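Structural features, examined
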Amino acid sequence: MELIDNHMHLQDEPFRGKEEFYLDRAQKLGVTKLICVGQDPDFNKRAIELSQRFSQVYAMVGYCPDVAKDYNQEAEDQLIEQLQIPGVVAMGEIGLDYYWDESPRQKQREVFARQIEVAHELKKPVDIHTRDAFADCYDILKNSNLEYGAVLHSFNGDSSWLAKFLDLNVCFSYSGVVSFTKATEVHEAAKNTPLDRLLVETDAPFLTPKPYRGRQNEPGNVYYVAKAIAQLKNISLEEVAEATYTNTMRVYGLK
(Lines give C-alpha, C1' and ligand atoms only; values in the text may rest on other atoms or scores of the structure.)
Protein backbone atom coordinates (compact mmCIF):
# COMPACT_ATOMS: atom_id res chain seq x y z
CA MET A 1 0.00 0.00 0.00
CA GLU A 2 1.32 3.41 -1.03
CA LEU A 3 0.09 6.85 -0.08
CA ILE A 4 0.90 10.35 -1.35
CA ASP A 5 0.64 13.43 0.85
CA ASN A 6 -0.32 15.84 -1.92
CA HIS A 7 -0.11 19.03 0.20
CA MET A 8 2.30 19.67 3.05
CA HIS A 9 4.85 22.28 4.11
CA LEU A 10 8.07 20.40 4.87
CA GLN A 11 9.92 23.71 4.46
CA ASP A 12 8.12 25.21 7.46
CA GLU A 13 10.01 26.06 10.64
CA PRO A 14 9.07 22.95 12.72
CA PHE A 15 10.69 20.63 10.16
CA ARG A 16 13.87 22.53 9.33
CA GLY A 17 16.98 20.45 9.88
CA LYS A 18 14.80 17.40 10.64
CA GLU A 19 13.34 16.75 7.20
CA GLU A 20 14.96 13.33 6.83
CA PHE A 21 13.59 12.22 10.21
CA TYR A 22 10.02 13.11 9.22
CA LEU A 23 10.36 11.59 5.76
CA ASP A 24 11.55 8.33 7.31
CA ARG A 25 8.56 8.34 9.67
CA ALA A 26 6.27 8.91 6.71
CA GLN A 27 7.86 6.04 4.79
CA LYS A 28 7.10 3.67 7.69
CA LEU A 29 3.40 4.51 7.27
CA GLY A 30 3.49 3.86 3.53
CA VAL A 31 3.81 7.49 2.42
CA THR A 32 6.17 7.19 -0.55
CA LYS A 33 5.68 10.55 -2.27
CA LEU A 34 5.06 14.05 -0.93
CA ILE A 35 4.34 17.42 -2.48
CA CYS A 36 5.87 20.39 -0.70
CA VAL A 37 3.71 23.45 -1.26
CA GLY A 38 4.90 27.01 -1.71
CA GLN A 39 2.97 30.15 -0.90
CA ASP A 40 5.41 33.06 -1.04
CA PRO A 41 8.93 33.66 -2.42
CA ASP A 42 10.68 32.13 0.60
CA PHE A 43 8.49 29.01 0.81
CA ASN A 44 8.62 28.58 -2.98
CA LYS A 45 12.42 28.60 -2.94
CA ARG A 46 12.63 26.21 0.00
CA ALA A 47 10.10 23.81 -1.57
CA ILE A 48 12.21 23.60 -4.72
CA GLU A 49 15.36 23.01 -2.68
CA LEU A 50 13.71 20.10 -0.84
CA SER A 51 12.47 18.59 -4.10
CA GLN A 52 16.02 18.64 -5.39
CA ARG A 53 17.39 17.14 -2.19
CA PHE A 54 14.92 14.26 -1.72
CA SER A 55 13.76 12.03 -4.59
CA GLN A 56 10.34 11.40 -3.03
CA VAL A 57 9.56 15.11 -2.62
CA TYR A 58 8.02 17.27 -5.34
CA ALA A 59 7.33 21.01 -5.18
CA MET A 60 4.77 23.55 -6.23
CA VAL A 61 5.12 27.32 -6.24
CA GLY A 62 2.69 30.20 -6.11
CA TYR A 63 1.48 33.32 -4.34
CA CYS A 64 -1.18 32.52 -1.75
CA PRO A 65 -3.93 35.04 -0.91
CA ASP A 66 -1.98 36.48 2.03
CA VAL A 67 0.74 37.77 -0.29
CA ALA A 68 -1.41 38.50 -3.35
CA LYS A 69 -0.83 42.18 -2.58
CA ASP A 70 2.88 41.64 -3.42
CA TYR A 71 2.26 40.00 -6.80
CA ASN A 72 3.71 41.94 -9.74
CA GLN A 73 5.45 41.28 -13.05
CA GLU A 74 8.73 40.43 -11.35
CA ALA A 75 6.95 37.88 -9.16
CA GLU A 76 5.24 36.38 -12.19
CA ASP A 77 8.49 36.12 -14.13
CA GLN A 78 10.08 34.27 -11.24
CA LEU A 79 7.14 31.86 -10.98
CA ILE A 80 7.31 31.14 -14.72
CA GLU A 81 10.99 30.31 -14.35
CA GLN A 82 10.41 28.13 -11.28
CA LEU A 83 7.49 26.23 -12.82
CA GLN A 84 9.84 24.93 -15.51
CA ILE A 85 12.30 23.41 -13.02
CA PRO A 86 12.17 19.58 -12.93
CA GLY A 87 10.27 18.40 -9.89
CA VAL A 88 7.99 21.46 -9.74
CA VAL A 89 4.60 19.98 -10.55
CA ALA A 90 1.99 22.73 -10.07
CA MET A 91 1.11 26.32 -9.33
CA GLY A 92 0.11 26.55 -5.69
CA GLU A 93 -1.07 27.26 -3.30
CA ILE A 94 -3.16 30.03 -4.80
CA GLY A 95 -6.69 31.18 -4.18
CA LEU A 96 -8.85 33.32 -1.91
CA ASP A 97 -8.94 33.85 1.84
CA TYR A 98 -11.67 36.15 3.15
CA TYR A 99 -11.10 35.00 6.74
CA TRP A 100 -7.67 36.54 7.26
CA ASP A 101 -8.08 39.20 4.56
CA GLU A 102 -4.34 39.87 4.41
CA SER A 103 -4.68 41.25 0.87
CA PRO A 104 -7.52 43.34 -0.60
CA ARG A 105 -10.22 41.01 -1.94
CA GLN A 106 -10.20 42.46 -5.44
CA LYS A 107 -6.44 41.99 -5.60
CA GLN A 108 -6.82 38.41 -4.37
CA ARG A 109 -9.32 37.68 -7.15
CA GLU A 110 -7.13 39.26 -9.83
CA VAL A 111 -3.98 37.45 -8.73
CA PHE A 112 -5.82 34.13 -8.36
CA ALA A 113 -7.23 34.35 -11.89
CA ARG A 114 -3.92 35.47 -13.36
CA GLN A 115 -1.97 32.61 -11.76
CA ILE A 116 -4.45 30.13 -13.21
CA GLU A 117 -3.77 31.66 -16.66
CA VAL A 118 -0.01 31.38 -16.17
CA ALA A 119 -0.33 27.76 -15.05
CA HIS A 120 -2.42 26.95 -18.12
CA GLU A 121 0.13 28.56 -20.42
CA LEU A 122 2.77 26.27 -18.89
CA LYS A 123 0.45 23.22 -18.93
CA LYS A 124 0.43 22.89 -15.14
CA PRO A 125 -2.40 22.13 -12.71
CA VAL A 126 -3.27 24.50 -9.86
CA ASP A 127 -3.63 23.87 -6.13
CA ILE A 128 -6.28 26.04 -4.51
CA HIS A 129 -6.73 27.51 -1.06
CA THR A 130 -10.20 28.87 -0.38
CA ARG A 131 -11.50 30.07 2.96
CA ASP A 132 -14.84 31.82 3.44
CA ALA A 133 -14.81 32.47 -0.31
CA PHE A 134 -16.49 29.54 -2.07
CA ALA A 135 -18.79 31.67 -4.24
CA ASP A 136 -16.01 33.82 -5.69
CA CYS A 137 -13.68 30.83 -5.99
CA TYR A 138 -16.32 28.93 -7.96
CA ASP A 139 -17.00 31.89 -10.25
CA ILE A 140 -13.31 32.32 -11.03
CA LEU A 141 -12.78 28.61 -11.69
CA LYS A 142 -15.92 28.38 -13.83
CA ASN A 143 -14.57 31.16 -16.03
CA SER A 144 -11.00 29.80 -16.18
CA ASN A 145 -9.41 27.20 -18.43
CA LEU A 146 -8.79 24.19 -16.17
CA GLU A 147 -7.61 21.91 -18.96
CA TYR A 148 -4.66 20.77 -16.86
CA GLY A 149 -6.66 20.25 -13.69
CA ALA A 150 -7.12 21.80 -10.28
CA VAL A 151 -7.15 20.59 -6.68
CA LEU A 152 -9.22 22.14 -3.92
CA HIS A 153 -6.84 21.73 -1.02
CA SER A 154 -8.22 20.83 2.43
CA PHE A 155 -11.73 20.90 1.02
CA ASN A 156 -14.19 21.85 3.72
CA GLY A 157 -17.28 22.67 1.72
CA ASP A 158 -20.61 20.96 2.18
CA SER A 159 -22.26 18.57 -0.27
CA SER A 160 -23.95 21.39 -2.20
CA TRP A 161 -20.57 23.03 -2.93
CA LEU A 162 -19.14 19.62 -3.78
CA ALA A 163 -21.89 19.14 -6.38
CA LYS A 164 -21.17 22.52 -7.99
CA PHE A 165 -17.39 22.01 -8.17
CA LEU A 166 -17.84 18.47 -9.52
CA ASP A 167 -19.01 20.09 -12.77
CA LEU A 168 -15.49 21.52 -13.20
CA ASN A 169 -12.18 19.73 -13.82
CA VAL A 170 -11.42 19.75 -10.10
CA CYS A 171 -10.27 17.15 -7.56
CA PHE A 172 -10.97 17.35 -3.85
CA SER A 173 -8.19 16.94 -1.31
CA TYR A 174 -9.16 16.14 2.26
CA SER A 175 -6.99 16.93 5.27
CA GLY A 176 -7.16 15.96 8.94
CA VAL A 177 -10.40 17.94 9.25
CA VAL A 178 -12.20 14.94 7.76
CA SER A 179 -11.35 13.01 10.95
CA PHE A 180 -12.76 15.63 13.34
CA THR A 181 -15.87 14.46 15.16
CA LYS A 182 -17.86 17.66 14.66
CA ALA A 183 -16.93 18.24 11.00
CA THR A 184 -20.19 16.70 9.82
CA GLU A 185 -20.47 18.72 6.58
CA VAL A 186 -16.97 17.61 5.57
CA HIS A 187 -17.89 14.02 6.44
CA GLU A 188 -20.88 14.17 4.07
CA ALA A 189 -18.81 15.75 1.31
CA ALA A 190 -16.13 13.08 1.63
CA LYS A 191 -18.75 10.33 1.48
CA ASN A 192 -20.14 11.84 -1.72
CA THR A 193 -16.82 12.54 -3.44
CA PRO A 194 -16.27 10.07 -6.30
CA LEU A 195 -13.19 7.93 -5.77
CA ASP A 196 -11.64 9.15 -9.03
CA ARG A 197 -11.75 12.79 -7.78
CA LEU A 198 -10.38 12.15 -4.28
CA LEU A 199 -6.96 13.12 -2.87
CA VAL A 200 -5.50 13.15 0.65
CA GLU A 201 -3.16 15.56 2.40
CA THR A 202 -1.87 16.64 5.78
CA ASP A 203 -1.23 20.39 5.30
CA ALA A 204 1.51 19.66 7.85
CA PRO A 205 2.41 21.17 10.26
CA PHE A 206 -1.28 22.14 10.50
CA LEU A 207 -4.64 20.31 10.78
CA THR A 208 -3.43 17.20 12.61
CA PRO A 209 -5.93 14.32 12.28
CA LYS A 210 -7.25 12.14 15.03
CA PRO A 211 -5.83 10.34 16.97
CA TYR A 212 -3.06 12.97 17.22
CA ARG A 213 -5.17 16.12 17.05
CA GLY A 214 -3.64 18.86 19.18
CA ARG A 215 -0.06 17.90 18.29
CA GLN A 216 2.11 19.15 15.45
CA ASN A 217 1.12 17.49 12.21
CA GLU A 218 3.59 15.64 9.97
CA PRO A 219 3.44 14.03 6.50
CA GLY A 220 3.09 10.45 7.80
CA ASN A 221 -0.26 11.35 9.30
CA VAL A 222 -1.85 11.31 5.85
CA TYR A 223 -2.27 7.61 6.71
CA TYR A 224 -4.86 8.60 9.34
CA VAL A 225 -6.61 10.95 6.91
CA ALA A 226 -6.99 8.07 4.45
CA LYS A 227 -8.17 5.82 7.27
CA ALA A 228 -10.87 8.31 8.29
CA ILE A 229 -12.11 8.54 4.69
CA ALA A 230 -12.19 4.75 4.39
CA GLN A 231 -14.39 4.56 7.48
CA LEU A 232 -16.72 7.29 6.20
CA LYS A 233 -17.08 5.67 2.77
CA ASN A 234 -17.25 2.17 4.27
CA ILE A 235 -14.48 0.86 2.05
CA SER A 236 -11.01 -0.47 2.79
CA LEU A 237 -8.00 1.69 3.54
CA GLU A 238 -6.28 -0.03 0.62
CA GLU A 239 -9.01 1.17 -1.76
CA VAL A 240 -8.60 4.76 -0.58
CA ALA A 241 -4.83 4.51 -0.84
CA GLU A 242 -4.94 3.07 -4.36
CA ALA A 243 -7.45 5.64 -5.61
CA THR A 244 -5.75 8.68 -4.08
CA TYR A 245 -2.31 7.53 -5.21
CA THR A 246 -3.53 7.03 -8.78
CA ASN A 247 -5.39 10.35 -8.81
CA THR A 248 -2.45 12.31 -7.47
CA MET A 249 -0.07 10.79 -9.99
CA ARG A 250 -2.51 11.69 -12.77
CA VAL A 251 -3.29 15.25 -11.66
CA TYR A 252 0.33 16.23 -11.12
CA GLY A 253 1.78 14.27 -14.04
CA LEU A 254 4.00 12.10 -11.84
CA LYS A 255 5.60 8.83 -12.90
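Residues numbered from 1 in each chain as written. Predicted model: local features only at pLDDT ≥ 70, side-chain atom pairs only at ≥ 80, totals over all residues. Heavy atoms only, no water.

Let's talk about the overall build of the protein
Rule in force here: Helix and strand definitions follow DSSP, with helices as H or I runs of at least four residues and strands as E runs of at least two, each counted in order from the N terminus. Based on C-alpha atoms, the radius of gyration is set beside the globule rule, defined as 2.2 Å times the residue count to the power 0.38. The buried label goes to any residue with under 20% of its type's maximum accessible area, the exposed label to any with over 50%, and the partly exposed label to all in between, with areas taken from a 1.4 Å probe on protein chains only. We call two residues in contact when some of their heavy atoms are within 4.5 Å. A 1.4 Å probe and the Shrake-Rupley method give the accessible areas. Residues count as covered only by the protein chains that appear here.
Scanning the protein for helices and strands turns up 9 helices and 8 strands. Relative to a compact globule of 255 residues, whose C-alpha radius of gyration would be 18 Å, the protein shows 17 Å and is just as compact. If you line up the protein on its principal axes, its C-alpha atoms span 45 × 40 × 35 Å. The proportion of buried residues among the 255 residues of the protein is 58%. Contacts in the protein between residues at least 24 apart in sequence constitute 71% of all its contacts with a sequence separation of at least 6. Put simply, the protein shows about 11,000 Å² of open surface, and 46% of that area lies on carbon and sulfur atoms.

Describing helix 4 (residues 105-121)
One full turn of an α-helix is made of 3.6 residues, so residues set three or four places apart face in the same direction. Using the following cut-off: The span you would expect from a helix comes to 1.5 Å times its residue count less one.
Its 17 residues place the ends of helix 4 25 Å apart at the C-alpha level, agreeing with the 24 Å of an ideal helix rising 1.5 Å per residue. Looking at the residues trailing helix 4, positive phi occurs at Lys123, about 60°.

Here's the deal with the layout of surface pockets
How we decide: Any residue with an atom within 4 Å of a point lines the site, the site being either a cavity, points on a 1 Å grid over the protein atoms alone where a 1.4 Å probe fits but cannot get out, or a pocket, an open set with protein on both sides within 12 Å along at least 5 of 7 lines. Grid points are joined across faces, edges and corners, and a volume is the space filled by probe spheres set on the points.
Taken as a whole, the largest pocket holds about 640 Å³ of empty space. Forming the boundary of the largest pocket are 22 residues, of which Asp97, His129, Arg131, His153 and Asp203 lie nearest the centre. Sorting the residues of the lining of the largest pocket by element identifies strand 4 (88-97) and strand 5 (126-131) as the ones contributing at least two each. With 3 residues, strand 5 is the largest single contributor of residues to the lining of the largest pocket.

Points about the packing of helix 4 against helix 5 (residues 134-142)
Going by this rule: Angles shown run from 0 to 180 degrees and are taken between the N-to-C directions of axes, each axis being a line fitted to C-alpha atoms and, for helices, limited to the stretch in contact. For any pair of crossing helices, the crossing counts as left-handed if the nearer helix is rotated counterclockwise from the farther one by less than a right angle, and right-handed if it is rotated clockwise. For this scheme, ten residues count as nonpolar: Ala, Val, Leu, Ile, Met, Phe, Trp, Tyr, Cys and Pro. Four count as charged, namely Asp, Glu, Lys and Arg, and the remainder, Gly too, count as polar.
Contact geometry for helix 4 and helix 5: axes closest at 10 Å, N-to-C directions at 35°. The interaxial crossing formed by helix 4 with helix 5 has right-handed handedness. Of the residues in helix 5, those in contact with Arg109, Phe112, Ala113 and Ile116 of helix 4 are Asp136, Cys137, Ile140 and Leu141. Grouping the amino acids of the contact of helix 4 with helix 5 by side-chain chemistry returns 6 nonpolar, no polar and 2 charged.

Section: the side chain of Asn6
Along the chain, the position of Asn6 falls in strand 1 (residues 3-8). Relative accessible area serves as the criterion here: at 0%, Asn6 is assigned to the buried category. Excluding residues within four positions of it along the chain, Asn6 makes contact with Ile35, Val37, Met60, Asp127, Val151, Ser173, Leu199, Val200, Glu201, Thr248 and Tyr252.

So, the pairing of strand 1
For the record, the criterion: Between any two strands, at least two bridges found by DSSP are needed for them to pair. By convention a crossover is right-handed if, when the strands point away from the viewer, the path from the first strand over the helix to the second runs clockwise.
When you tally the buried positions in strand 1, you get 6 out of 6 residues, the bulk of the element. As paired elements, strand 1 and strand 2 (residues 31-37) share 4 bridges and run parallel to each other. Note on strand 2: the bridge partner recorded for Met8 is Cys36. With helix 1 (residues 19-28) bridging strand 1 and its parallel neighbour strand 2, the resulting β-α-β unit is right-handed.

Focus on the sheet that holds strand 1
With respect to topology, 8 strands assemble into an open sheet ordered 1-2-3-4-5-6-7-8, the strand pairing being parallel. Both outer strands of the open sheet, strand 1 and strand 8 (198-200), are each paired with one neighbouring strand and no more. Taking the axes of each pair of neighbouring strands and ignoring which way they run, one obtains an average angle of 30° across the sheet. Direction of pairing for strand 6 (residues 150-152) relative to strand 7 (residues 170-174): parallel, over a ladder of 3 bridges. Opposite Ala150, over in strand 7, you have Val170 as the bridge partner.

Some thoughts on the side chain of Gln115
Structurally, the position occupied by Gln115 is in helix 4. A relative accessible area of 0% places Gln115 in the buried class. Aside from chain neighbours lying at most four places away, what touches Gln115 is Gly62, Tyr63, Tyr71, Leu79, Met91 and Ile94.

A closer look at unusual backbone geometry
Each neighbour pair has its own omega, and for Gly92 with Glu93 the value is 0°, a cis peptide bond. Secondary-structure assignment places Glu93 in strand 4. Even without being glycine, Asp132 reaches a positive phi, approximately 55°. Structurally, Asp132 can be placed in the loop between strand 5 and helix 5. Its identity is not glycine, yet Asp203 carries a phi of approximately 60°, on the positive side. Secondary-structure assignment places Asp203 in the loop between strand 8 and helix 8 (222-233).

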